[in-house]
Structures are given as structure tokens and as C-alpha cells.
2 protein chains.
Amino acid sequence: MKKMLLAAAAVAGLMTALPAAAQFAKPEDAIKYRKAAFSVMASHFSRIGAMVNGRAPFDAKAAAENAEIAALMSRLPYTAFVEGTDKGETKAKPEVWSEGDKFKAGATRMQEEMAKLNAAAKTGNLETIKAAFGPVGQSCKSCHDNFRKE
Amino acid sequence: MKKMLLAAAAVAGLMTALPAAAQFAKPEDAIKYRKAAFSVMASHFSRIGAMVNGRAPFDAKAAAENAEIAALMSRLPYTAFVEGTDKGETKAKPEVWSEGDKFKAGATRMQEEMAKLNAAAKTGNLETIKAAFGPVGQSCKSCHDNFRKE
């Protein structure tokens, strides 16, 4: 576990340093990448949700591992919202780009709430995790409402 | 060197700490998850490939960041090759399950080679990275040849 946290801390440090410049050969590559990153994040986040909502037994170690991965994943998708990726297999609304500052603020909020959930999960206390879980879900919903087509 | 070993150990720690139990409500959830994890891994691996093959300028920091993420991602997909996920939107051959030991060995080989690439990337030396890159690609190809439909 200690080793895992070490690795995660290393990656979390790196993540903020990731170049924002496009790293994608084609618009569809960027779309595929961001969807994949969100998808992996959502899987791990939802496993914590199952514990928070009583659909799965609480497992402190699993919660911490899932929070760690979800927090790492939360750093990845946004470099892929590059210009020209508003068409094709994406639910992104034009507002992602026309209201870029608002979108970025929402992304940052989600990343921050996810980081808090990650810290909460390390306590191993379910009530602490529950308290941190809701705000992440709200940050997800807020962006989906504003920036994602149904 | 100590740093390299630490990083490799950290990643190894993350790997073994991950629960192997199925965490997916439906077969299609598992399929979507493993494809997403492979996809994110491939994106970051290919960015190193671009530097190794001279299609992109060498950036030691970016190479290290991409290797770190790729190595972490390499640990994720295999928990999702659960029974009953051989149908639907997947290219997985039946051999994934009928030759499970061989598949697991291939997965482990890829994870190990990716961990070595991660350690190599931390040296900041392009030649060292080049030497470690090839074996990862070979481990990818080997599994694709044996376990993935074209």
C-alpha cells in the first residue's frame, strides 16, 4: 500500500506537468482517449459509490485503491479537449470550447474534489469517505449538465 | 539507480495490491473497462514510440511521464477478462480463457517490460529508452497475435 501511494504521488506530481499541447494525430484519437480516461475513472469511482451506498460491503483497502486510481485518471482527459474535436463520436457540447473558462473551472473542481476523496479514502473511515463522495458526484453532474449532450 | 528501483517497486506494489475479483455489474461493463484501460495505455506508450522512432523530438520529462502512466495503466485491464466476457464488442479470442495460463503469462510479461521501460525512462537517456521500448512492443504483439481477433 505504501508503495502504491508512493507511485501515485509520483504520478500525481507528474500529471500537472503534462503538456497541454495536442498529442493526438487525429481528432478521433483525442475523442477516443478522453472517453477512455473518463470511463476508467468512472469505473473506479463507482466502486467507491457502491460502498458508500451500501450496495457493496465496505472494504477500506479497496476503497483507497479505487480512489487512488480515480484521482490519477481525473488528471488525464482534459488535454484531449483540443480544437476540432467537437464533432464525431463525442457528446461534448460546443460550450466546452465557447465557454472554455467555465469548462476548465468545472474540470478543476472535479479534480480537486476527487483529490479530496482520495485523501478521505486513505483514512479508512467510511463516514469520511461518504462526506467526500457527494461533492465529487456533484462536480461530475454539473459538467455533464452543462457540457455533455444527453 | 535507487530511484529507478524505487519507482519499479512502487509500480509493482500497485499491481499486486489491486483486487482481482470481478467488479463489473454486466459483461459489457468489463469489456468497456478493459478496452478503455488498454486504450489509455496505448496512447501514452505510443507517445514514447514517437520519440523512439524519431517522429517526435525527444523530451525526457514527457517520456518519463508517459512511461509512468503507461506502466500504471498496464496493471488495470486484466481483472476485466472475467468469464462471460468473450462475446459482444470484444476482439478477445476464446483462447484468453481456454489458454488462461498462457494469457496470464503474456500479461505479466507485458507488465514487466512496461515496468522496465518506466525505469528506463527515468534515466532520461534516449538510448536506454530505445532498448527498453522494443521488448514492450514485442510483448504487445505477442498477445495480439495469440489472443486478439483482427
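An account of the accompanying structure is given in this report. (Residues numbered from 1 in each chain as written. Chains lettered and ligands numbered in written order. Predicted model: local features only at pLDDT ≥ 70, side-chain atom pairs only at ≥ 80, totals over all residues. Heavy atoms only, no water.)

## As for the environment of Pro27 of chain B
All names here are of chain B.
- Here Pro27 lies in helix H2 (residues 27–52).
- The sequence separation of Pro27 and Ala56 amounts to 29 residues, and the corresponding C-alpha distance is 39 Å.
- Those residues within four positions of Pro27 in sequence are excluded, and the remaining contacts are Gly84 and Thr85. (Helix = DSSP H or I, 4+ residues; strand = E, 2+ residues; numbered from the N terminus. Contact = heavy atoms within 4.5 Å.)

## Brief notes about the pattern of salt bridges
All names here are of chain B.
- Summed over all chains, the structure comprises 13 salt bridges over all chains.
- Here Lys141 and Asp145 are joined by a salt bridge, their closest N and O atoms 2.6 Å apart. Taken together, the residues Lys141 and Asp145, both in helix H6 (residues 126–147) and 4 residues apart, mark about one turn of the helix. (Salt bridge = Lys/Arg side-chain N within 4 Å of Asp/Glu carboxyl O.)

## Describing a positive patch on the surface
- Together, Lys32 of chain A together with Lys35, Lys91 and Arg148 of chain B make up a region of like positive charge exposed at the surface.
- Along the chain, the position of Lys35 of chain B falls in helix H2.
- Given the relative accessible area of 45%, Lys35 of chain B is considered partly exposed. (Patch = residues over 30% accessible without salt bridge, like charges linked within 9 Å, V, L, I, M, F, W, Y side chains within 5 Å. Areas by Shrake-Rupley, 256 points an atom, 1.4 Å probe, with all protein chains shown as cover. Lys, Arg positive; Asp, Glu negative; His and termini not counted. Charge placed at Lys NZ, Arg CZ, Asp CG, Glu CD. Buried < 20%, exposed > 50% of the residue type's maximum accessible area, 1.4 Å probe, protein only.)

## Focus on H6 of chain B
- Counted at 1.5 Å a residue, the expected span for H6 of chain B with its 22 residues is 32 Å, and the 31 Å between its end C-alpha atoms agrees.
- The N-capping residue of H6 of chain B, defined by a side-chain oxygen 2.9 Å from the backbone nitrogen of Glu127 of chain B, is Asn125 of chain B. (Expected span 1.5 Å × (residues − 1). Polar contact = N/O pair within 3.5 Å; in protein donor to acceptor, adjacent residues only side chain to side chain.)

## Focus: the packing of aromatic side chains
- Scanning the model with the defined rule gives 18 aromatic pairs over all chains in all.
- Plain terms: the ring middles of Tyr78 of chain A and Phe81 of chain A are 5.9 Å apart, the flat faces sit at 25° to each other, and that makes the pair stacked.
- Its relative accessible area of 15% is what places Phe81 of chain A among the buried residues.
- Aromatic side chains Phe81 of chain B and Trp97 of chain B sit 6.3 Å apart centroid to centroid with 50° between the ring planes, which places their arrangement in the tilted category. Of this pair, Phe81 of chain B sits in the loop between helix H3 (60–74) and helix H4 (95–98) while Trp97 of chain B sits in helix H4; the two residues are 16 residues apart in sequence, bridging distant segments of the chain. (Phe/Tyr/Trp six-rings, centres within 6.5 Å; stacked < 30°, edge-to-face > 60°.)

## A closer look at the side chain of Asn66 of chain A
Residue and element names in this part refer to chain A.
- Along the chain, the position of Asn66 falls in helix H3 (residues 60–74).
- Asn66 gets classed as buried once you look at its relative accessible area, which sits at 2%.
- The residues touching Asn66, leaving out its near neighbours within four places in the chain, are His44, Arg47, Ile48 and Met51.

## Focus: the nonpolar core
- Counting residues in hydrophobic clusters, the biggest one holds 77 residues, and the most contacted among them are Met73, Met114 and Leu117 of chain A together with Met73, Met114 and Leu117 of chain B.
- Those elements that provide at least two residues to this core are helix H2 (27–52), H3, helix H5 (100–123) and helix H6 (126–147) of chain A together with H2, H3, helix H5 (100–121) and H6 of chain B.
- Beyond its immediate sequence surroundings of up to four residues, Met114 of chain A is in contact with Met41, Phe45, Ala70, Ala71, Ser74 and Val136 of chain A. (Core = buried A, V, L, I, M, F, W, Y, C linked by side-chain atoms within 4.5 Å.)

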